[in-house]
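Spelled out, the chains give:
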Amino acid sequence: MFLKQYTSNILSTTVLLLCCGMPPSLPAVPIPVHGHFTFDGNEFAARDFGNQLHSLPWAVLHPKKVSDVASTIKHVWHMGPASAMTLAARGHGHSLLGQAQAPHGIVINMESLRGEMQVIKGKSPYVDAPAGELWINVLHHCLKHGLAPKSWTDYLHLTVGGTLSNAGISGQAFRHGPQISNVHQLEVITGKGEVVVCSEEKNADLFHGVLGGLGQFGIITRARISLEPAPKQVKWIRVVYSDFSTFARDQERLISAEKTFDYIEGLVIVNRTGLINNWRSSFDPQDPDQANQFVSDGRTLFCLELTKNFNPAEEAHVDKEIKSLLSELSYIPSTLFVTQVSYVEFLDRVHAAELKLRSKGLWDLPHPWLNILIPRSKIHTFADGVFGNILTDTNNGPVLIYPVNKSKWDNRTSFVTPDEDMFYLVAFLPHAAESEGPQKLLNQNRRILNFCDSAQLGVKQYLPHYKTQEEWRAHFGQRWEIFAQRKSAYDPLAILAPGQNIFQKSISIL
Ligand SMILES: Cc1cc2nc3c(=O)[nH]c(=O)nc-3n(C[C@H](O)[C@H](O)[C@H](O)COP(=O)(O)OP(=O)(O)OC[C@H]3O[C@@H](n4cnc5c(N)ncnc54)[C@H](O)[C@@H]3O)c2cc1C
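Residues numbered from 1 in each chain as written. Predicted model: local features only at pLDDT ≥ 70, side-chain atom pairs only at ≥ 80, totals over all residues. Heavy atoms only, no water.

As annotated in an unreviewed UniProt entry, the protein is cytokinin dehydrogenase from Salvia divinorum. In its Sequence similarities (unreviewed entry) section, the UniProt entry covering the protein states "Belongs to the oxygen-dependent FAD-linked oxidoreductase family." What UniProt records for the protein under Cofactor (unreviewed entry) is the sentence "FAD". (UniProt positions renumbered as here; feature names shortened; annotations may be inferred.)

Draft legend 1. Quick peek at the overall build of the protein. Helix and strand content of the protein: 15 helices and 18 strands. When the 510 residues of the protein are sorted by exposure, 58% land in the buried category. Restricting to contacts in the protein with at least 6 residues of sequence separation, those with at least 24 account for 75%. Roughly 21200 Å² of accessible area belongs to the protein as shown, and the carbon and sulfur atoms make up 52% of that amount. (Helix = DSSP H or I, 4+ residues; strand = E, 2+ residues; numbered from the N terminus. Buried < 20%, exposed > 50% of the residue type's maximum accessible area, 1.4 Å probe, protein only. Contact = heavy atoms within 4.5 Å. Areas by Shrake-Rupley, 256 points an atom, 1.4 Å probe, with all protein chains shown as cover.)

Draft legend 2. Inspection of the site of the ligand at higher detail. Close to the ligand lie 33 residues; Ala 89, Gly 91, Ser 95, Thr 159 and Tyr 462 are nearest. Within the complex, 96% of the 960 Å² of free accessible area of the ligand lies under protein. Looking at the shell around the ligand, the elements that each hand over two or more residues are strand 3 (87–90), helix 4 (160–164) and strand 10 (218–229). In terms of residue class, the shell around the ligand is built from 14 nonpolar, 17 polar and two charged. (Near = heavy atom within 4 Å. Nonpolar A, V, L, I, M, F, W, Y, C, P; charged D, E, K, R; others polar.)

Draft legend 3. Structural context of the environment of Val 196. Locating Val 196 in the fold gives a position in strand 9 (residues 195–199). A residue is classified by how much of its surface remains accessible, and Val 196, at 15% relative accessible area, is buried. Placed 22 residues apart in sequence, Val 196 and Gly 218 show a C-alpha to C-alpha distance of 9.3 Å. Contacts of Val 196, omitting those with residues within four sequence positions, involve Leu 186, Glu 187, Val 188, Thr 190, Asn 203 and Leu 206.

Draft legend 4. Structural detail: helix 12 (residues 379–386). Listed as buried for helix 12 are Ile 379, Phe 382, Ala 383, Gly 385 and Val 386. Lining the buried residues of helix 12 we find helix 7 (244–256), strand 15 (370–375), strand 16 (399–405), strand 17 (422–428) and helix 13 (439–454).

Draft legend 5. Up close: the pattern of salt bridges. Per the counting criterion, the structure on display carries 19 salt bridges. For Arg 224, the salt bridge identified is with Asp 128, shortest N-O distance 2.9 Å. Here Asp 128 lies in strand 6 (residues 126–130) and Arg 224 lies in strand 10, a separation of 96 residues in the sequence. Judged on exposure class, the residue Arg 224 and its partner Asp 128 are both buried. Salt-bridge contacts for Glu 315 lead to Lys 235; the nearest nitrogen and oxygen are separated by 2.8 Å. (Salt bridge = Lys/Arg side-chain N within 4 Å of Asp/Glu carboxyl O.)

Draft legend 6. Seen up close, the sheet that holds strand 14 (residues 337–342). The antiparallel open sheet is built from eight strands, whose spatial order is 14-11-13-12-16-17-15-18. Whereas interior strands pair on both sides, the edge strands pair on one side only; in this sheet they are strand 14 and strand 18 (460–462). Neighbour-to-neighbour, the strand axes of the sheet open up by a mean angle of 25 degrees, direction not taken into account. Bridge analysis of strand 16 against strand 17 gives seven bridges, and the strand direction is antiparallel. If you follow Val 404 over to strand 17, its bridge partner there is Phe 423. Sheet contacts for helix 9 (residues 315–327): strand 11 (233–241), strand 13 (300–310) and strand 14; angle to strand 13, the most-contacted strand, approximately 150 degrees. (Pairing = 2+ DSSP bridges. Axes fitted to C-alpha atoms, helices over the stretch in contact; angles between N-to-C directions.)

Draft legend 7. Expanded view of unusual backbone geometry. In the Ramachandran plot, Asn 51 falls in the positive-phi region, its phi being about 55 degrees despite a non-glycine side chain. Relative to the assigned elements, Asn 51 resides in the loop between strand 1 (36–38) and strand 2 (59–62).

Draft legend 8. Main features of the packing of helix 12 against helix 13. In the contact formed by helix 12 and helix 13, the axes pass within 11 Å of each other and the chain directions differ by 140 degrees. Accordingly, the angle class assigned to the pair helix 12 and helix 13 is oblique. Read as a crossing pair, helix 12 and helix 13 show a hand that is right-handed. The segment helix 12 lies against helix 13, with Thr 381, Phe 382, Gly 385 and Val 386 engaging Ile 448, Phe 451 and Cys 452. (Parallel < 35°, antiparallel > 145°, perpendicular 65-115°, else oblique. Left-handed = near helix turned anticlockwise from the far one by under 90°.)

Draft legend 9. A look at the environment of Gln 478. On the secondary structure map, Gln 478 appears in the loop between helix 14 (469–476) and helix 15 (480–490). Residue class for Gln 478 comes out exposed when judged on its relative accessible area of 81%. It is 9.7 Å that separates the C-alpha atoms of Gln 478 and Val 416, two residues lying 62 residues apart in sequence.

Draft legend 10. Structural detail: the sheet that holds strand 4 (residues 106–109). Strand order in the open sheet formed by four strands is 1-2-4-3, with mixed pairing between adjacent strands. The strands lining the two open edges of the sheet, one partner per strand, are strand 1 and strand 3. Averaged over all adjacent pairs, the angle separating strand axes in this sheet is 25 degrees, with direction ignored. Relative to strand 4, strand 3 runs parallel, the two sharing four bridges.

Draft legend 11. Structural view of the nonpolar core. The biggest cluster of nonpolar side chains holds 63 residues, and the ones touching the most others in it are Leu 164, Ile 169 and Leu 186. Counting 43 residues, the second-largest nonpolar core is a separate cluster that includes Val 318, Leu 370, Val 386 and Val 426. (Core = buried A, V, L, I, M, F, W, Y, C linked by side-chain atoms within 4.5 Å.)

Written out as structure tokens, the structure reads:
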């Protein structure tokens with residue numbers, strides 16, 4: 001069996017070398033992998049959640065061991081700058097615009113590297129997880145030990161390596177920082193095929209570079225993620241505001257307070273009915289009739305979303321705490337909607353909505369999403385210019401808005417934030433109706449970005465897709481130099497993550 005597998009890999013390798021136009025004088029060295037390459041049926045690797053850009057790779061590697069990834073990268077590294085071959089790690093392919101694609105290159109299917117997870121209990125508990133593992137599986141595994149990661153994304157069917165390459169932001173980030181602030185150690189394979197274990201203490205530059213590094217400096221194969229005791233239940237609360245200033249003041253007060261909720265987000269609702277339920281959530285309040293009667297009547301409303309975690313014995317105490325916290329807020333009094341779910345149900349809430357959308361054929365539509373980080377001092381200008389003006393309804397999908405504390409972000413990572421101590425994440429998350437296509441929404445995104453530029457709001461995009469290196473330079477600002485230096489140190493041939501469109505193979509990177 002091994003021999004057969006090995007032989008088929010030698011064949012794969014030979015084809016690889018020929019297709020890359022290798023000089024015939026170079027020997028066709030086989031890549032010794034325990035997994036396998038596929039050359040047909042790779043359409044899945046040309047797709048992503050955004051469903052707008054599709055580039056077929058030349059091959060897909062389905063690694064079985066970390067050494068498969070290392071050998072393949074090393075092989076491409078040894079092909080040198082004359083070869084155009086590139087490599088992209090693909091997590092769950094939930095990028096928006098081809099970031100995990102490798103046109104005519106090799107896509108590494110990280111999900112086939114899922115494997116054992118190890119939880120270490122004690123004073124500072126952690127889990128060692130393969131980077132190709134989905135966060136939902138990390139959660140279930142940790143729960144067996146009564147523990148859970150601290151910082152999340154709204155949707156858990158994303159891989160550990162995929163979100164750590166970006167940031168991983170959700171309603172817990174105000175307290176714990178993004179997911180990239182909750183990692184102790186990484187195992188990374190650089191663009192030269194070297195396997196490096198890195199942390200704050202060891203190979204710190206690579207560690208910080210890879211976090212939020214858009215896959216540019218290495219492929220993460222394992223991550224050590226910080227854990228905390230897992231609660232069993234969640235009180236899940238929504239309240240509504242008609243005035244943005246009051247809404248923002250309450251949100252900011254809540255994320256700054258010592259005693260506060262465990263999760264704080266918000267939604268903008270423009271010109272829609274059926275206020276409470278939307279595609280990204282399975283929120284089902286105790287009084288759904290009242291909730292469904294609540295209509296926005298063409299107005300712009302702001303819905304504050306909060307949770308408090310608890311274990312059954314603490315319920316009475318938690319109810320009292322919630323009452324006290326809510327009493328300080330200035331929402332419309334008749335709009336308090338509460339529900340109670342298990343911790344897993346809450347964290348996996350978007351998946352419940354996904355299943356509903358899938359059944360209606362609405363999950364695989366194009367998603368022209370736009371995520372922007374806005375300095376706190378400019379959020380009112382942004383809200384005035386965009387909500388109810390450029391954005392005239394939210395019927396195609398939710399618009400999230402919530403502030404986070406910059407002190408919880410580590411500025412040694414590759415991630416760039418706006419310059420102020422507090423900034424907002426505003427996420428426009430529509431799907432394009434089949435009848436309309438994405439153009440109208442893309443135009444709206446452009447108008448929003450133009451508004452930010454002309455009003456000089458000092459925003460940064462999250463999960464951006466730029467077409468030129470000039471735009472990337474502007475995105476990174478003063479941090480560009482260090483980003484480019486890291487590229488030349490860890491992936492000098494620009495082999496990795498070509499779909500991000502930051503560096504091109506064989507082109508000078510400094
Ligand atoms: C429904 C939905 C909800 C979302 N909610 C949130 C949210 O609440 N908060 C948030 O922050 N984001 C959110 N995202 C965005 C999400 O974090 C990113 O799209 C992320 O890249 C998806 O992870 P993935 O595993 O699918 O990665 P992919 O899309 O497969 O990869 C993303 C990038 O990372 C690179 N990469 C992947 N794996 C590795 C690895 N192991 N090592 C190095 N590079 C790698 C790829 O080459 C690519 O450039 C959401 C996305 C969707 C579709």
